[in-house]
Amino acid sequence: MKPIAPFFTIATISFNSGKWIRQTIESVLASSYTNFEFLISDDCSDDDTWEIIKQYNDPRIKTWRNEKNIGEYPNRNKVLNEAVGRYILFVDGDDMLYKNTLRNIFEYVEEYPEAVSIWGVWSHQLSFCIFPVLLQPEETLNWIYGANLPIAIMGFGETIFRVDALRETGGFSTEFISGDTYIKKKIALLGAVLLVPIGFMFWRRTPGQASSTLSQGLIGYFNNVMIERGILEDRYFQDHPDKHALYKHNSKIRDIKILFHHTFLEGNISSGIHLFKRLHFSYKDLIYLFRKPDLSYNKTLKNKLFQGRKWIQL
């Protein structure tokens, strides 16, 4: 009899995670939904992480230790290449998966199989939604760039990817300090995104994470500007020139105002000039300081109620 292919790939990348990795592994193995493979890729830890990982012999677990440290995103791509599940969820070596997460996600994708990704979002920020909500690419982009809704900012712990779609994007980019937002927006250009309430797992902020690095100075700002430029240069916009102009306009206003506020207005003139040049802004771009973004789509959303795949007129 041919073995049943796992529906999910649970992917854990670890580096010096000895303090938490046992909790991570045991939380996954305690899942109420059991049709999954569990891939663990240790990135050449120099603490006891690998010794702890080797203590588990569940048949669903496949482990390896990189011969040298290759970094977060190459390690994620390595796991992605090995995945045989239909959907992949990253539970990093300092996170804990909630018991019923996989079961709940399975029910979501059974109802919405067209979704290429599932995003956990804060429901209080989307008060016009009855979850789950399915968005096609144009709608997803309108929510992000035309209404300034923070639906793509949550990291991998609140994101499910369909494996074939994630591979189609080319996998995780190594160009950014933190590529969470980039890959979410990239995959949203390919197909429908399903929004559900946040809460897939318990996740920690620990020293050395990309999110910790981004909080230092203006590194996060630079990273976010480069991510947006990468997205807005995607070939998707060749067929949507009007939308591209609007999104680029709104992004430029935001970027210029944030830069001006956090450097020049705070007296950090040298950093402001440095970033201004490094991001190749021109003096003509200063006009955006006096412009407002076109967020008229936000009014359209708040005059309706969104449920499942359709609008309900109020």
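Above this text sits the structure in question.
Heads up: these notes are all about the structure in this document. Keep in mind that this is a model prediction, so the values were computed, not measured.

1. Concerning the layout of surface pockets
- Put simply, the second largest pocket is a space of about 230 Å³.
- What lines the second largest pocket is simply V225, E228, R229, L232, E233, H244, K248, S251, K252, D255 and F281.
- When contributions to the lining of the second largest pocket are tallied by element, the ones reaching two or more residues are α9 (219-232) and α10 (241-264).
- Among the residues making up the lining of the second largest pocket, the classes are represented as three nonpolar, two polar and six charged.

2. Side note on the pairing of strand β6 (residues 115-121)
- Here β6 lies mainly inside the structure; seven of its seven residues are buried.
- As paired elements, β6 and strand β8 (residues 159-162) share three bridges and run antiparallel to each other. Residue pairing for β8: W119 is matched across the bridge by T159.

3. Things to note about helix α7 (residues 180-188)
- Of all nine residues making up α7, nine are buried, and the element is well covered by its neighbours.
- Of all the positions in α7, only D180, T181, Y182, I183, K184, K185, K186, I187 and A188 are classed as buried.

4. Structural notes on the environment of V133
- Position of V133 among the secondary structure elements: in strand β7 (residues 129-135).
- The spatial distance from the C-alpha of V133 to the C-alpha of G308 is 4.4 Å, given a sequence separation of 175 residues.

5. Focus on the packing of aromatic side chains
- Using the criterion set out here, one finds 22 aromatic pairs in the structure.
- Measuring from ring centre to ring centre gives 5.0 Å for F7 and F106, while their planes differ by 75°; the resulting arrangement is edge-to-face. Taken together, the residues span a long stretch of sequence, with F7 in the segment before β1 (8-14) and F106 in helix α4 (residues 101-111) at a distance of 99 residues.
- Using a relative accessible area of 13% as the deciding quantity, one classes F7 as buried.
- Residue F106 is classed as partly exposed on the basis of its relative accessible area of 23%.
- Taken together, F7, F8, Y33, Y87 and F106 form an aromatic cluster joined through their ring pairs.
- Taking NZ or CZ as reference, R204 lies 3.5 Å from the ring centre of W20, over its face.
- Seen from the ring of F281, R229 lies directly overhead, with NZ or CZ sitting 5.2 Å from the centre.

6. Some points on the side chain of N142
- When you line up the elements, N142 lands in helix α5 (residues 137-146).
- In this structure, N142 is in contact with A147, K243, Y247 and Y297, ignoring residues within four places of it in sequence.

7. A look at the environment of E139
- Within the secondary structure layout, E139 lies in helix α5.
- Taking the relative accessible area as the measure of exposure, E139 reaches 16% and is therefore buried.
- Residues E139 and A192 lie 53 residues apart in sequence; the distance between their C-alpha atoms is 9.1 Å.
- In contact with E139, not counting residues within four places along its chain, are Y297, L301 and W311.

Cut-offs used in this document
- Residues numbered from 1 in each chain as written.
- Predicted model: local features only at pLDDT ≥ 70, side-chain atom pairs only at ≥ 80, totals over all residues.
- Heavy atoms only, no water.
- 1 Å grid on protein atoms, 1.4 Å probe; cavity = no way out; pocket = protein on both sides within 12 Å on 5 of 7 lines; lining within 4 Å.
- Points joined across faces, edges and corners; volume = space filled by probe spheres on them.
- Helix = DSSP H or I, 4+ residues; strand = E, 2+ residues; numbered from the N terminus.
- Nonpolar A, V, L, I, M, F, W, Y, C, P; charged D, E, K, R; others polar.
- Buried < 20%, exposed > 50% of the residue type's maximum accessible area, 1.4 Å probe, protein only.
- Pairing = 2+ DSSP bridges.
- Phe/Tyr/Trp six-rings, centres within 6.5 Å; stacked < 30°, edge-to-face > 60°.
- Lys NZ or Arg CZ within 6 Å of the ring centre and 35° of its normal.
- Contact = heavy atoms within 4.5 Å.

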